[in-house]
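Observations on the three-dimensional arrangement
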Amino acid sequence: GSISLSVAGAFNEGWISVTSVGDGFIATVTNGYTYDFSTEKSYYNTYLLGFDTTGATAEPFCYGSVPGWLNNRFSLDLWDGHLRVATTAYDDWTSNTSNKIFVLRIPENGSVMETVGETEHLGEDKDIIYAVRFIEKGAYVVTYGAVDPFIIVDLSDHTEPKTVGELEIPG
């Protein structure tokens, strides 16, 4: 249902790394790290807290999380009632990365932002997202590694984002 202000404050305890604003909505982002002692693996997560700004004050009303971390504020985009998030996840054991774009539906009455779609891995196994630009139904992504691919992602269907083009740029 609703999120009390005390829970919202605890949720964003610490440094807020990114904020996205648009159409009566603000999303704040914190990056988190979890270590699983049983598997001896660590995980990075991006935690999102959405505020409704249509009233006199900004009120927290939804939250969500996705694997990995954001590069910068351009890795987050609000479009057509959905929050699009580009992240890089890192595997401590193999040093491999997984770059993805997640599409989360912003609920109309608050609660959890559900992940409704995600891309396949973008770029090479050891690449990180260097830059991303969302423009309406598309995303343009550059990853950084041995070869720097420029990747075009079709986001017109929120539930099935897919890579439609890639150009390898020696770097």
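Scroll up a little and you will see the structure.
Note that the structure is predicted; figures quoted are calculated from it, not measured.

The subject of this paragraph is the overall build of the protein chain. Within the protein chain, the regular secondary structure consists of one helix and 13 strands. Starting at the N terminus and walking to the C terminus, you meet the elements of the protein chain as α-β-β-β-β-β-β-β-β-β-β-β-β-β. Considering the protein chain as a whole, with its 171 residues, one finds that 38% of them fall into the buried category. A separation of at least 24 residues holds for 40% of the contacts in the protein chain among residues at least 6 apart in sequence. Put simply, the protein chain shows about 9,400 Å² of open surface, and 52% of that area lies on carbon and sulfur atoms.

Turning to the side chain of Thr119, a few remarks are in order. Tracing the backbone shows Thr119 in the loop between β9 (114-118) and β10 (128-135). Leaving out residues up to four positions away in the same chain, Thr119 has contacts with Asn99, Lys100, Ile101, Val153 and Pro161.

Overall, antiparallel pairing links the four strands, which are arranged β5-β6-β7-β9 in an open sheet. Single-partner strands in this sheet number two, and they are β5 (76-79) and β9. Here the strands of the sheet are splayed against their neighbours by 30 degrees on average, with no regard to which way each runs. Inspection of the sheet shows β5 paired to strand β6 (residues 82-90) by four bridges, in the antiparallel sense. Residue pairing for β6: Leu78 is matched across the bridge by Leu83.

Here we come to the pattern of salt bridges. Applying the stated rule across the entire model yields three salt bridges. In this structure, the salt-bridge partner of Asp91 is Lys41, at a minimum N-O distance of 3.6 Å. A residue pair is termed long-range when its members are at least 10 positions apart, and Asp91 in the loop between β6 and β7 (97-105) and Lys41 in strand β3 (residues 41-52) qualify at 50 residues. Since its relative accessible area comes to 29%, Lys41 is described here as partly exposed.

The next subject is the pairing of β7. The sheet contact formed by β6 and β7 spans nine bridges and is antiparallel. When the sheet's bridge partners are listed, Ala89 is paired in β7 with Ser98. Connecting the antiparallel pair β6 and β7 is a turn made up of six residues, with Ser95 showing a positive phi of about 65 degrees. In this structure, β7 lies alongside β9, joined through four bridges in antiparallel fashion. Bridged to Leu104 within β9 is Thr115.

In this structure, Phe25, Leu48, Leu76, Leu83, Val85 and Met113 are the most contacted members of the largest nonpolar core, which totals 15 residues. Looking at this core, the elements that each hand over two or more residues are β2 (25-36), β4 (59-67), β6 and β7. Ile101, Leu122, Ile129 and Val132 belong to the second largest nonpolar core, which has 13 residues in total.

Turning our attention to the packing of aromatic side chains. For any two aromatic rings, the description comes down to two numbers: the centre-to-centre distance and the angle of the planes. Inspection of every chain in the model, using the stated rule, returns six aromatic pairs. Counting every residue linked through ring pairs, the aromatic cluster contains Tyr33, Tyr44 and Trp69.

On the surface, Tyr33, Tyr35 and Phe37 cluster together into a nonpolar patch covering about 390 Å² of accessible area. Summarising the element assignment, Tyr33 is placed in strand β2.

A separate point is unusual backbone geometry. Phi at Glu40 takes a positive value of approximately 55 degrees, unusual for a residue other than glycine. Of note, Glu40 is situated in the loop between β2 and β3. Even without a glycine there, the phi angle at Glu136 is positive, about 45 degrees. Within the secondary structure, Glu136 is located in the loop between β10 and β11 (138-144).

Criteria and cut-off values
Residues numbered from 1 in each chain as written. Predicted model: local features only at pLDDT ≥ 70, side-chain atom pairs only at ≥ 80, totals over all residues. Heavy atoms only, no water. Helix = DSSP H or I, 4+ residues; strand = E, 2+ residues; numbered from the N terminus. Buried < 20%, exposed > 50% of the residue type's maximum accessible area, 1.4 Å probe, protein only. Contact = heavy atoms within 4.5 Å. Areas by Shrake-Rupley, 256 points an atom, 1.4 Å probe, with all protein chains shown as cover. Pairing = 2+ DSSP bridges. Axes fitted to C-alpha atoms, helices over the stretch in contact; angles between N-to-C directions. Salt bridge = Lys/Arg side-chain N within 4 Å of Asp/Glu carboxyl O. Core = buried A, V, L, I, M, F, W, Y, C linked by side-chain atoms within 4.5 Å. Phe/Tyr/Trp six-rings, centres within 6.5 Å; stacked < 30°, edge-to-face > 60°. Patch = residues over 30% accessible without salt bridge, like charges linked within 9 Å, V, L, I, M, F, W, Y side chains within 5 Å.

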